[in-house]
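Structure assessment
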Amino acid sequence: MTVLALHDAVATYGEVRVLGPLSLTLAPAERVALVGRSGTGKSTLLSVMYDRWRDQGAALMPQDLGLVATLSVFHNVYMGRLDRYPWWRNLLTLVRPRPADVTQVNALLTRLGLDDKLWTPCGELSGGQRQRVAVARVIHQCGGMLLADEPVSALDGPLSEVTLTALTDAYPTAVLAMHDVDLALRYCSRVIGIQDGAIAIDQPSHRLSATDLLPLY
Ligand SMILES: Nc1ncnc2c1ncn2[C@@H]1O[C@H](COP(=O)(O)OP(=O)(O)OP(=O)(O)O)[C@@H](O)[C@H]1O
């Protein structure tokens, strides 16, 4: 991956500008936390990044997860790679999953504490379980970089740590919108604080403490 850049990016809804103009660069192996008050523009910035960088391999885990409730956990995770395979392979997998795919998906689910849910429809899972399925799907996708919107907001304690470790092992280059500033400081090398659609803080994590981020909230 080369350095990625946004120059004077702007986002509007109707007549209302909610983001920018905003510029930033992202270097390979840089892990960025986006922090800031609810409604300040973090999701909007992630979607601008996804629009710009998807052709360069960016993978997105959206805040609403985008799972198919009637399909099993296996099939939802498999969907991370739908566009890699021909249509007939994907169609066959719907009816009769290949053992190699099942083994691969199951290993990921085991790491995330979900292996007993392999064939459960996603509509029958708790919020935290569904969030981990979306994490497994984006890891399975094997993109060049990760854009994730609150990937562990429904998890706590060791589960949020296990999940963030799995995500960051799979994606050395990532931008994660996070509301937990302690996790953001521990798992990310750089913190960008967003305030009213603009960058208010942009610092390496080791130079910041949770108190430094309080003015954003
Ligand atoms: N579809 C939409 N139509 C109109 N306005 C929108 C839409 N989506 C978001 N907004 C507005 O854009 C602004 C930024 O929203 P955004 O979702 O990016 O914030 P956020 O920082 O991700 O919030 P949260 O932490 O609550 O997810 C907010 O003022 C919001 O009301």
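Note that the structure is a prediction, hence the values are computed from the model and not measured.

Cut-off values and rules
- Within each chain, residue numbers correspond to sequence positions counted from 1 in written order.
- Where totals are concerned, whole chains, interfaces and linings use all residues; where local detail is concerned, this predicted model gives features only for residues with pLDDT of at least 70, and gives and counts side-chain atom pairs only at 80 or more.
- Hydrogens and water molecules were not included; the side-chain quantities draw on all heavy atoms of the structure.
- Working definition: helices are DSSP H or I runs of at least four residues, strands are E runs of at least two. Numbering for both runs from the N terminus.
- Computation of the radius of gyration draws on C-alpha atoms alone. For the globule rule, the value is 2.2 Å times the number of residues to the power 0.38.
- Classification of residues uses two cut-offs on accessible area relative to the type maximum, computed with a 1.4 Å probe and protein chains only: under 20% is buried, over 50% is exposed, and between them is partly exposed.
- Contact definition: two residues touch when any of their heavy atoms are within 4.5 Å.
- Like-charged residues within 9 Å of one another, or nonpolar side chains (Val, Leu, Ile, Met, Phe, Trp, Tyr) within 5 Å, are grouped into patches, provided each residue has over 30% relative accessible area and no salt bridge.
- Only the protein chains shown count as covering a residue, and every accessible area follows the Shrake-Rupley method with a 1.4 Å probe.
- Every case where a carboxyl oxygen of Asp or Glu lies within 4 Å of a side-chain nitrogen of Lys or Arg is listed as a salt bridge.
- A pocket here means an open set of points on a 1 Å grid, computed over the protein atoms alone, that has protein on both sides within 12 Å along at least five of seven lines. A cavity is instead a set of points where a 1.4 Å probe fits but cannot get out; residues with an atom within 4 Å of a point line either one.
- Grid points are joined across faces, edges and corners, and a volume is the space filled by probe spheres set on the points.
- Throughout this entry, Asp, Glu, Lys and Arg are counted as charged residues, while Ala, Val, Leu, Ile, Met, Phe, Trp, Tyr, Cys and Pro are counted as nonpolar. The remaining residues, Gly among them, count as polar.
- Put simply, a residue is near a molecule or strand once any heavy atom of it comes within 4 Å of that molecule or strand.
- A helix's residues, less one, multiplied by 1.5 Å, set its expected span.
- To be clear, the arc concerns the directions from the helix axis to the C-beta atoms.
- UniProt positions are given in the numbering used here, feature names are shortened, and annotations may be inferred rather than shown by experiment.
- Think of it this way: Lys and Arg go in the positive column, Asp and Glu in the negative one, and His and the chain ends go nowhere.
- In protein, a polar contact means a hydrogen-donor-capable atom and an acceptor-capable atom, both N or O and within 3.5 Å, with residues adjacent in sequence counting only if both atoms are side-chain atoms; elsewhere, any N or O pair within 3.5 Å suffices.
- DSSP bridges decide pairing: two strands pair if at least two such bridges lie between them.
- Each axis is a line fitted through C-alpha atoms, and for a helix only the stretch in contact is used; angles between axes span 0 to 180 degrees, taken between their N-to-C directions.

Before going further, it helps to examine the overall build of the chain. Scanning the chain from terminus to terminus reveals eight helices and eight strands. For 217 residues, the compact-globule estimate of 2.2 N^0.38 gives 17 Å, and the chain sits close to it at 18 Å. For the chain, the spread of C-alpha atoms along the three principal axes comes to 50 × 35 × 30 Å. Taking all 217 residues of the chain together, the buried fraction comes to 47%. For the chain, the share of sequence-separated contacts (at least 6 apart) that also reach a separation of at least 24 residues comes to 66%.

On to a nonpolar patch on the surface, then. A cluster of nonpolar side chains, Trp87, Trp88, Leu91, Leu92, Leu94 and Val95, forms an exposed patch at the surface whose accessible area comes to about 740 Å². Here valine 95 shows up in helix α3 (residues 87-95).

On to the layout of surface pockets, then. Put simply, the largest pocket is a space of about 260 Å³. Put simply, the parts of the chain that give the lining of the largest pocket at least two residues each are β4 (58-61) and α5 (127-141). By residue class, the composition of the lining of the largest pocket is seven nonpolar, four polar and three charged. Lining the second largest pocket are 15 residues; nearest its centre among them are Arg37, Ser38, Gly39, Lys42 and Glu150. Within the lining of the second largest pocket, the residues separate by chemical class into two nonpolar, nine polar and four charged.

Below, the discussion takes up the site of the ligand. The ligand sits among Tyr13, Val18, Arg37, Ser38, Gly39, Thr40, Gly41, Lys42, Ser43, Thr44 and Gln63. Considering the ligand on its own, with 630 Å² of exposed area, one finds that the protein chains cover 57% of that surface. For the shell around the ligand, the per-class residue count stands at two nonpolar, seven polar and two charged.

Taking 1.5 Å per residue, 13 residues should reach 18 Å; helix α4 (residues 99-111) reaches 19 Å between its end C-alpha atoms and fits that length. By the burial criterion, the buried members of α4 are Asp101, Val102, Val105, Leu108 and Leu109. Along the long axis of α4, the arc covered by the buried residues comes to 130°, so they all point the same way. Away from its buried face, by an angle of more than 90 degrees, α4 presents the exposed residues Pro99, Ala100 and Thr103. The inward-facing, buried residues of α4 abut α2 (73-78), α3 and α5. Once α4 finishes, glycine 113 follows within two positions and takes phi at roughly 75°, a positive value.

The next point concerns the UniProt feature "domain: ABC transporter" (unreviewed entry) in the chain. Under the local residue numbering, the UniProt record ascribes the feature "domain: ABC transporter" (unreviewed entry) to residues 4-213. For the annotated span residues 4-213, helix accounts for 38% and strand for 25% of the residues, and the straight-line distance between the end C-alpha atoms is 25 Å.

Now for the side chain of arginine 81. Residue position: arginine 81 is located in the loop between α2 and α3. Notably, arginine 81 is buried but unbridged: the nearest opposite-charge side chain belongs to aspartate 101, and the N-O separation is 6.1 Å. Within polar-contact distance, the side chain of arginine 81 engages the backbone oxygen of histidine 140 at 2.5 Å. Residues within four places of arginine 81 in sequence aside, it is in contact with Gln104, His140, Gln141 and Cys142.

What follows deals with the pairing of strand β7 (residues 190-195). Burial within β7 is extensive, with five of its six residues counted as buried. Once β7 ends, the chain turns through two residues before running back antiparallel as strand β8 (residues 198-204), passing aspartate 196 with a positive phi of about 50°.

With that settled, consider the sheet that holds strand β6 (residues 174-177). Strand order in the open sheet made by the six strands is β4-β5-β6-β3-β7-β8, with mixed pairing throughout. The sheet is open, and its two borders are formed by β4 and β8, each paired with just one other strand. Each neighbouring strand pair of the sheet contributes to a mean axis angle of 15°, computed without reference to strand direction. Helix α1 (residues 42-53) contacts β3 (31-35), β4, β5 (145-149), β6 and β7 of the sheet and is inclined by roughly 150° relative to β5. The strands touched by α5 are β4 and β5; relative to β4, the strand with the most contacts, the crossing angle is about 170°.

Moving on, we get to unusual backbone geometry. Of the consecutive residues glycine 20 and proline 21, the connecting peptide bond is found in the cis state with omega at 5°. Inspection of the secondary structure assignment puts proline 21 in strand β2 (residues 16-26). You will see that glutamate 150, though not glycine, has its phi angle at about 50°, which is positive. As for its position among the elements, glutamate 150 is in the loop between β5 and α6 (157-170). What makes glutamate 150 buried here is its relative accessible area of 11%.

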